[in-house]
Amino acid sequence: MKVLVTGRSGFIGVALDHYLRRVALDIEIHGFNRRDGGDINNIRDVINACYGMDLVINLAALSHVDFSWVRPFDYYQTNAIGAINVMEACKILNIPLIHISTSEVYGTNQNPGVPMTENHPLKPHYPYSEAKAMADMAAQNRIAIGQKIVVLRPFNQYGSGSF
């Protein structure tokens, strides 16, 4: 199985790469990230990277939440439009996609003391989480028309290599 991981050089991407190499010996992992010259904002680059893959996992994102106030356009471009480019490439090539979002799309828990569910309203507080929510909504629209996308919204990632 050939898997493309966008954002493979980031914190979660590195951990995912190590995990997959340890538990799934039959997976061929390909990376796509800025450090290697990949541009998620260039649909042609994304389509070329996705070509021939059996699965795409989208981790590509600008991730410093507070800094998103300083460069909001960059966050909207990469975290929303870039994610949509990945979705479009997967649609064109008929490849399943795992889109990694963030719990930040939920904002503050609307029911304090009650755990959030996937049905919690999206109430982002930062340009970072606004852009991620935009990508999530785009994914939900594509899921509704039959595209194979799974959206994950992890909470509190930490571990070796975190900052």
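Relevant structure appears above.
What this report covers is the structure whose coordinates are included nearby.

Reading the values: the criteria
Residues numbered from 1 in each chain as written. Predicted model: local features only at pLDDT ≥ 70, side-chain atom pairs only at ≥ 80, totals over all residues. Heavy atoms only, no water. Helix = DSSP H or I, 4+ residues; strand = E, 2+ residues; numbered from the N terminus. Buried < 20%, exposed > 50% of the residue type's maximum accessible area, 1.4 Å probe, protein only. Core = buried A, V, L, I, M, F, W, Y, C linked by side-chain atoms within 4.5 Å. Disulfide = S-S within 2.5 Å. Pairing = 2+ DSSP bridges. Salt bridge = Lys/Arg side-chain N within 4 Å of Asp/Glu carboxyl O.

## What about the overall build of the chain?
And then number 1: Helix and strand counts for the chain stand at four helices and five strands.
And then number 2: The helix and strand sequence of the chain, counted from the amino end, reads β-α-β-α-β-α-β-α-β.
And then number 3: Overall, the C-alpha framework of the chain stretches about 45 × 35 × 30 Å when taken along its three principal axes.
And then number 4: Counting all 163 residues of the chain, 39% fall into the buried class.

## With respect to the nonpolar core
And then number 1: Leu4, Val46, Cys50, Val56, Val86, Met87 and Leu97 are the most contacted members of the largest nonpolar core, which totals 21 residues.
And then number 2: Elements that contribute at least two residues to this core include exactly helix H2 (43-50), helix H3 (72-93), helix H4 (127-144) and strand E5 (149-152).

## Structural notes on the state of the cysteines
And then number 1: Applying the stated criterion to the full structure yields zero disulfides.
And then number 2: With no disulfide of its own, cysteine 90 lies 4.6 Å from the sulfur of cysteine 50, the closest cysteine sulfur.
And then number 3: Residue cysteine 90 is classed as buried on the basis of its relative accessible area, which comes to 1%.

## Structural notes on the pairing of strand E1 (residues 2-6)
And then number 1: Burial within E1 is extensive, with four of its five residues counted as buried.
And then number 2: With five bridges connecting them, E1 and strand E2 (residues 28-32) associate as parallel partners. Note on E2: the bridge partner recorded for lysine 2 is glutamate 28.
And then number 3: The pairing of E1 with strand E3 (residues 55-58) spans four bridges and is classified as parallel. Its bridge partner lying in E3, leucine 4 is registered against valine 56.

## Structural notes on the pattern of salt bridges
Any two side chains of opposite charge can pair if their charged atoms end up close together.
And then number 1: Scanning the model with the defined rule gives five salt bridges in all.
And then number 2: The salt bridge involving glutamate 88 is made with arginine 142; its shortest N-O contact spans 2.9 Å. Within this pair, whereas glutamate 88 is found in helix H3, its partner arginine 142 is found in helix H4, the two being separated by 54 residues in sequence.
And then number 3: Judged by relative accessible area, arginine 142 falls into the buried class, the value being 15%.
And then number 4: A salt bridge links aspartate 136 to arginine 153; the nearest nitrogen and oxygen atoms lie 2.7 Å apart. Taken together, the residues aspartate 136 in helix H4 and arginine 153 in the segment after E5 connect sequence positions 17 residues apart.
And then number 5: When its relative accessible area of 0% is taken as the criterion, aspartate 136 is described as buried.

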